[in-house]
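Here's the letter readout for the chains.
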Amino acid sequence: MNPLSAYLLLSAMLFSLGLAGALTRRNAILVLIGIELMLNSANLNFIAFWRYSPHPEALTGVMFVIFSIGIAAAEAAVGLSIIVAVYRHFRTTDLDKINYLKG
Amino acid sequence: MTISFLLLAAITITGTAAAMSLKNAVHCILALTLGMVGLAALYLQLGAEFVGLTQILVYVGAVAILAVFAIMMTRSRTSETAAGSDPSRFSGLVTALLLFTVLAVAICTGISSQTLGGTPPEATVHAVGVALMQRFILPLEIIGVLLTAALIGAGMLAIEEKGEGR
Amino acid sequence: MPEMIDQIFVRLMHWIIGYVPTSLQPLCSAILSAVAILVVFATIFAIITVLERKGLGRMQNRYGPNRAGPWGLLQPAADGIKSLTKEDIVPHSSDQLVHLMAPILIVITSFLVYAVVPVGKNMVMADLNAGVLFFFAVGSMVELSVFMAGWSSRSKYSLLGAMRAIAQMISYEIPLVLSGVVAIMAAGSLSTVTIVNMQAGYTGIWPHWYLFTPWGITGYILFMIGATAESNRCPFDMPEGESEIIAGYFIEYSGFKFALFFVAEYLGMLATSAMAITLFLGGWAAPFSFLTWIPSWFWFFAKLLLMMMVFIWIRGTLPRLRMDQLMNFGWKFMLPLSLINLFAAGLWHFLPSGPTRWSVDSLLLLLSCFLLSRGLRRNKWFQERTYRFAS
């Protein structure tokens, strides 16, 4: 197996773990963490592709990851404050119990 | 496939798998930070020094602390009731497993090793800084605006409104 | 001859490494540097504890420790033996693994940051490309271990203490990093060695330290205030306010684990001081051009001890702040001022050198400092004081 495939496999595994977490957890905070994990696996892909690309001096992969980390930080901040606001209303962070819009 | 890669991959997978499967929410966050440190070490191993250290700074220093604060503020029941026979839980796991199988097959069959660049690239902090200030100046400005908006928005959302609560 | 004494430790290390096979040399060099850091900074920690107790005693008109050894100099050894032989009590309901990991993690991270601190000419363990970033990234792990300690004890007091400590550390980390950024801007590098080298050289007898510029002195003062808050020292020691929450996040620790938290606190203080010396005080450079014959490592440690003395002096002088005062000060004074300081440093770069940029920069910083401190005190006189819990 070449080194790039190893990194891509690891990244695929992280993505699946994040997806599994986001689908099965009920705590809203942990669902958010699962989504963060999926973002991070994409970052690992970018870095691995950048490292083994024919023209790494363009730094595109690194730049992409830097901006992606920035966006992930903003997403975590807003997401967690939304969870806190929702908690104040429903008194729970269990996603199965927050069901006013279910009809 | 060096030993260091296998070790770091094992740490990362252990941390993230624990983060997604432990019952106690705080334990999940602590396991997640382990996974993130492993990921940052992988970035360092790949030669992206700046990204690796930023990863530690953002995920261990900020996101994990933020998540822990959110857990403390929401007083969510720290241990979920584990329902093994839950159908939605089962289908979620199956979906993730299927996705992994598809991705793994695609990766193992799709990449030929001829096109790979061999020499490790030089991503010095200087080069990253120059690129950020010249080619990528517009995205940098936009991310600055985005982060400011997120800061104000998060503050506005989480602030306690008058008459609410208590 | 001075060159010889200056490089004596570097040569010693090269001499030792010469005896190991070539393949093991990098590993051996790393281990030797790590051992040197562990020994030297642990010794300085011991010296500082006794210095602090003696100094505080002098300020409070009492003797301080004077029983163990001559003038109480063996006090750290006595303390060490006491904490090693004490019973290690772990609360029954605590989270055993996390409770054990917290002190270990906090000590490891406190030692790890010294890897990028240049303690003398050619004396740095790892000259990383992004040394300052490494320092702050690893330093931010301390917050997590503080939380682990407070949460795993399952005690209300320790949880409150941990939450206070983390809120304070996060609030003051931003001005701490931003005030350090001016030195990075001026040097054009994140490597600690390059930053020190950029401050080398003298005009007359005066060195080219970043301290001797308007933005440099502002940045230095902000950095030191941030460092005091970051290491939970007086006057910012609410996290362990003994009158309210007994001892903060490490109440439930005893024996050697308690001592580890104590060590980590002092090591953190030493590390941020060392970073302040690197960023603003010229690292290992001599303060006057005619003193350059004294070895570089002597100057580094002399500066470090001097800064510790200032810390002790502040602790003996100032009373503890309230939590709201602390937050107001951090977010409404330190943060805006450090942003303005960044602007002033940029202005300095583009203005022609000479008295113009001195006066423009000083005026800008003094004016904003004055206005921000007015803003802190505003509407204090007309506000009726309300007591939420005491009425």
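Analysis parameters
- Residues numbered from 1 in each chain as written.
- Chains lettered and ligands numbered in written order.
- Predicted model: local features only at pLDDT ≥ 70, side-chain atom pairs only at ≥ 80, totals over all residues.
- Heavy atoms only, no water.
- Helix = DSSP H or I, 4+ residues; strand = E, 2+ residues; numbered from the N terminus.
- Contact = heavy atoms within 4.5 Å.
- Areas by Shrake-Rupley, 256 points an atom, 1.4 Å probe, with all protein chains shown as cover.
- Buried area = accessible area lost by both parts, 1.4 Å probe.
- Salt bridge = Lys/Arg side-chain N within 4 Å of Asp/Glu carboxyl O.
- Polar contact = N/O pair within 3.5 Å; in protein donor to acceptor, adjacent residues only side chain to side chain.
- Nonpolar A, V, L, I, M, F, W, Y, C, P; charged D, E, K, R; others polar.
- pLDDT = per-residue confidence, 0-100.
- Buried < 20%, exposed > 50% of the residue type's maximum accessible area, 1.4 Å probe, protein only.
- Expected span 1.5 Å × (residues − 1).
- Bend = angle between axes of the 7 residues up to and from the residue.
- Domains from an automatic or database assignment.
- Axes fitted to C-alpha atoms, helices over the stretch in contact; angles between N-to-C directions.
- Parallel < 35°, antiparallel > 145°, perpendicular 65-115°, else oblique.
- Left-handed = near helix turned anticlockwise from the far one by under 90°.

Caption draft 1: Up close: the overall build of chain B. In terms of regular secondary structure, chain B is built from six helices and zero strands. Put simply, chain B runs from its N terminus to its C terminus through helices and strands in the order α-α-α-α-α-α. Long-range pairs, those at least 24 residues apart, make up 51% of the contacts in chain B with a sequence separation of at least 6. Summing over all exposed atoms, chain B offers an accessible surface of approximately 9000 Å²; the carbon and sulfur share of this is 70%.

Caption draft 2: How the structure looks around the interface of chain A and chain B. In this assembly, 68 residues from chain A lie in contact with 83 residues from chain B. Contact between chain A and chain B buries roughly 6600 Å² in total, counting both sides, with carbon and sulfur atoms accounting for 76%. The largest per-residue losses of area from chain A upon contact with chain B belong to R25, F67 and R88 of chain A, which jointly make up 10% of the total buried on that side. Where chain A touches chain B, the interface holds zero salt bridges. At the junction of chain A with chain B, the criterion picks out eight residue pairs in polar contact (both at pLDDT 80 or more). Contributions of two or more residues to the side of chain A that touches chain B are made by α1 (3-24), α2 (28-51) and α3 (60-90) of chain A. When its residues are assigned to classes, the side of chain A that touches chain B shows 47 nonpolar, 15 polar and six charged.

Caption draft 3: View of the interface of chain B and chain C. Of the residues lining the interface, 21 residues belong to chain B; the matching set on chain C comes to 23 residues. Interface of chain B and chain C: buried area, both sides summed, is about 2000 Å²; carbon and sulfur atoms make up 81% of it. Of all residues in chain B, the largest losses of buried area upon contact with chain C belong to L30, L53 and I65 of chain B, amounting jointly to 25% of the total for that side. Counting across the interface, chain B meets chain C through zero salt bridges. Taken together, the links from chain B to chain C amount to one residue pair in polar contact (both at pLDDT 80 or more).

Caption draft 4: Focus on the confidence of the model for chain B. Of the residues in chain B, 81% reach a pLDDT of 70 or more, and the chain-wide mean stands at 81. No element of chain B has a lower mean pLDDT than helix α4 (residues 87-110) of chain B, at 84, and none a higher one than helix α2 (residues 25-45) of chain B, at 90.

Caption draft 5: Focus on unusual backbone geometry. Residue and element names in this part refer to chain C. Of note, the phi angle at N61 is positive, near 60°, even though the residue is not glycine. With respect to the element layout, N61 can be found in the loop between α3 (25-59) and α4 (75-85). Using a relative accessible area of 75% as the deciding quantity, one classes N61 as exposed. Of note in the backbone geometry, R154 takes a positive phi value of approximately 55° without being a glycine. Structurally, R154 is set in the loop between α7 (141-152) and α8 (156-187).

Caption draft 6: Geometry of the arrangement of the chains. There are two pairs of chains in contact here; the most contacts are made by chains A and B. You won't find any contact between chain A and chain C; their C-alpha atoms come no closer than 14 Å.

Caption draft 7: Looking closely at α8 of chain C. All names here are of chain C. The first and last C-alpha atoms of α8 sit 46 Å apart over 32 residues, in line with the 46 Å expected at 1.5 Å per residue. Helix geometry: α8 is bent most strongly at E173, by close to 25°, with proline P175 lying one to four residues after it. The backbone nitrogen of Y157 lies 3.3 Å from a side-chain oxygen of the residue at the head of α8, namely S155. Positive phi appears at G188, one or two residues downstream of α8, with a value of about 70°.

Caption draft 8: Region of interest: the domain arrangement of chain B. Under the domain assignment, chain B is made up of domain 1 (1-78) and domain 2 (124-160). A straight line from the C-alpha centre of domain 1 of chain B to that of domain 2 of chain B covers 22 Å.

Caption draft 9: Molecular detail of the packing of α8 of chain C against helix α10 (residues 214-230) of chain C. All names here are of chain C. Interaxial distance between α8 and α10 falls to 8 Å at its minimum, and their mutual angle equals 150°. As judged from the angle between their axes, α8 and α10 are roughly antiparallel. Taken as a pair, α8 and α10 cross one another with a handedness that is left-handed. Contacts from Q168, M169, Y172, E173, L176, S179, G180, V182 and A186 of α8 reach α10 at W215, G219, L222, F223, G226, A227, A229 and E230.

Caption draft 10: Layout of the pattern of salt bridges. Residue and element names in this part refer to chain C. A full pass over the atoms with the stated rule returns four salt bridges over all chains. Where R315 meets E52, a salt bridge forms, and the shortest distance between an N and an O atom there is 2.8 Å. Residue R315 is found in helix α13 (residues 296-317), and its partner E52 is found in helix α3; the two are separated by 263 residues along the sequence. Here R53 makes a salt bridge to D79, at a shortest N to O gap of 3.0 Å.

Caption draft 11: Focus on the environment of G52 of chain B. Residues and elements named next belong to chain B. As for its position among the elements, G52 is in helix α3 (residues 49-74). The exposure class assigned to G52 is buried, which follows from its relative accessible area of 0%. Placed 12 residues apart in sequence, G52 and A40 show a C-alpha to C-alpha distance of 4.4 Å. With near-sequence residues (within four places) excluded, G52 lies in contact with A40, Y43 and L44.

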